[in-house]
Amino acid sequence: MRIPDRFRERYCSLVDDEEAFLSCLGELLPKSFRVNTIKSSADEVMRRFEGYGMGLKRVPWYGDAFICDNPEAGFSLEHFTGAIYIQELVSMLPPLLVREELGKSRFVLDGCAAPGSKSTQIAAMMGNKGTLIANDVSYSRIRALKFNLEKAGVLNTVITNRDLNAFQNLKFETILLDAPCSSEGTIRKNYDVFDAWSEGGIRQFSNVQKQLILKAFDMLMPEGTLVYSTCTFAPEENEEVLQHLIDNRPEARLEKASFDGLRTSETVGSWNGTEFSGEIRNAARIWPHHNDTGGFFLAKVRK
Amino acid sequence: MRRRGTSEVISPPGTKEKVFGYLEERFGLERSLFDDYGLYMASKGRVYLGPRRVPDLPKIATIGLLIARVHGTVKPSTNLLQALGKRVSRNIVNATREQALAYARGGDFKPDSAAVDGIGDGYVLVRFEGASLGCGLLQKGMVKNMLPKAKRLELRYI
Ligand SMILES: C[S@@+](CC[C@H](N)C(=O)[O-])C[C@H]1O[C@@H](n2cnc3c(N)ncnc32)[C@H](O)[C@@H]1O
């Protein structure tokens, strides 16, 4: 894997341990899955996997998540029946951040939903009740979204195929905006990321995200909660997008994003000469080498 | 998919009765299980169980889960029997390991006569060690596979 020089320059000054960061990017990601509580329970799955002789490690910050020492969990009975959902650990964080809200919400939007890792998790956290709108602009990715929701036994979801910016102005209690991004944090499972990597690309994503976050925020009911997340390191796609929200919607409040048992890191204080508001420090970065995961960013916004 | 406003859309009239009646009679799935949900119809007799409240939106691709196809008779989906498998109380065929493997890869199997004792021909829930594998059709002592192609899998850990 060849890491672009410009990538090094950009991020090495932001991390605590440059060497650990760079070498981690070249290491294989541990295999993980989430128990689909619509169909099963963590105890039941643990018992079955013990019988297979597969070592499972329960994730300290999420009782329904496991790391599996065997890469073949996808050939298990539990994967076949939808009792488990193979998902990267950091991808489980956005729903987890609003677990309590989701337990009470009856009207929820997943604005960029395909292929549905987080939609299936949200539906389970809603107890498969109420209404979840799972939307994605990409027609081809809707197929996978549909397949995954079906397999997980999700009943409470309506799939729509729209540009979120053109969405009706409905009001939701909880919204997830898992934005399209430059995906730098997924490099450990997808080496192609660096082939397409450019700062121009980052700029473009940033512009798209700024539009989407305003739209998503405007669709919140009063007191509603929005989770904004990306799987990328670029401050243009993270802190800068939150700054854009705060500048344009002064009523937006950021709440602390943290998880017991997971190491999160400070957000970036300034970038390209722009100083970010102090409130943005409530958001969280996850660097790959801290928890042996992909890279991630997430923020919890309250109206 | 056809739907209007916030209410469920079912036609022809009586389809809802037919579907819920069948699921109760054949599988012991009580109607109260569906109280929080609505039924929606699409083309080719497809019936979906989805949220009760569906806003009026353009570009809806799917509402809820495809639970049955109705053409005179009701054909339950594997999705439904997997999702509510734990609540099913009758017409369950308990498969052996070999039979479960065959089922998962899309094959038919011949159940032991004890496994189908008292089960009349028709759709059944195929189970293995408590796990709901999906829908089968019991006919002349054979369980015919009803698993959609995309769901088939060569299981290695069972
Ligand atoms: C990071 S992925 C979402 C992953 C998904 N949340 C999951 O957990 O499986 C971003 C998605 O945003 C969709 N997308 C991009 N622009 C969009 C827009 N304007 N409106 C709605 N969806 C959009 C893409 O098609 C892509 O599927």
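Quantities reported herein were computed from a predicted structural model and do not represent experimental measurements. (Residues numbered from 1 in each chain as written. Chains lettered and ligands numbered in written order. Predicted model: local features only at pLDDT ≥ 70, side-chain atom pairs only at ≥ 80, totals over all residues. Heavy atoms only, no water.)

## Description of the overall build of chain A
And then number 1: When its secondary structure is counted, chain A shows 11 helices and 14 strands.
And then number 2: Over its C-alpha atoms chain A spans a radius of gyration of 19 Å, differing by no more than 12% from the 19 Å that the globule rule assigns to 303 residues.
And then number 3: In terms of overall dimensions, chain A has C-alpha extents of about 55 × 45 × 35 Å along its principal axes.
And then number 4: Taken over 303 residues, chain A has a buried fraction of 61%.
And then number 5: Long-range pairs, those at least 24 residues apart, make up 76% of the contacts in chain A with a sequence separation of at least 6.
And then number 6: Computing the positive centroid from 36 side-chain charges and the negative centroid from 41, chain A places the two 6 Å apart. (Helix = DSSP H or I, 4+ residues; strand = E, 2+ residues; numbered from the N terminus. Rg over C-alpha atoms; globule rule 2.2 N^0.38 Å. Buried < 20%, exposed > 50% of the residue type's maximum accessible area, 1.4 Å probe, protein only. Contact = heavy atoms within 4.5 Å. Lys, Arg positive; Asp, Glu negative; His and termini not counted. Charge placed at Lys NZ, Arg CZ, Asp CG, Glu CD.)

## A word on the packing of helix α9 (residues 199-218) of chain A against helix α10 (residues 239-248) of chain A
Residues and elements named next belong to chain A.
And then number 1: Orientation of α9 relative to α10, taken along the N-to-C sense of each, is 40°, at an axis distance of 9 Å. In terms of their interaxial angle, α9 and α10 are classed as oblique. Here α9 runs over α10; the crossing is right-handed. On α10, the residues touching Arg 203, Ser 206, Gln 209, Lys 210, Ile 213, Leu 214 and Phe 217 of α9 are Glu 240, Val 241, Leu 242, His 244, Leu 245 and Asn 248.
And then number 2: Each residue belonging to the contact of α9 with α10 can be placed in one class, and the counts come to 6 nonpolar, 4 polar and 3 charged. (Axes fitted to C-alpha atoms, helices over the stretch in contact; angles between N-to-C directions. Parallel < 35°, antiparallel > 145°, perpendicular 65-115°, else oblique. Left-handed = near helix turned anticlockwise from the far one by under 90°. Nonpolar A, V, L, I, M, F, W, Y, C, P; charged D, E, K, R; others polar.)

## Quick word on the domain arrangement of chain A
Residues and elements named next belong to chain A.
And then number 1: Here chain A is described as being made up of domain 1 (5-29 + 89-302) and domain 2 (30-87).
And then number 2: Spacing between the C-alpha centres of domain 1 and domain 2 amounts to 24 Å.
And then number 3: If you look at the interface, domain 1 gives 29 residues, while domain 2 gives 22 residues.
And then number 4: Counting each side, the surface lost to burial between domain 1 and domain 2 is near 1,900 Å², with a carbon and sulfur contribution of 62%.
And then number 5: The largest share of the area that domain 1 buries against domain 2 comes from Leu 89, Met 92 and Lys 151, three residues that together contribute 34% of it.
And then number 6: Between Asp 64 and Arg 99 there is a salt bridge, and its shortest N-O distance comes to 3.7 Å.
And then number 7: For the pair domain 1 and domain 2, the interface holds 11 residue pairs in polar contact (both at pLDDT 80 or more).
And then number 8: Sorting the residues of the side of domain 1 that touches domain 2 by element identifies α5 (93-97), α7 (117-125) and α8 (139-151) as the ones contributing at least two each. (Domains from an automatic or database assignment. Buried area = accessible area lost by both parts, 1.4 Å probe. Salt bridge = Lys/Arg side-chain N within 4 Å of Asp/Glu carboxyl O. Polar contact = N/O pair within 3.5 Å; in protein donor to acceptor, adjacent residues only side chain to side chain.)

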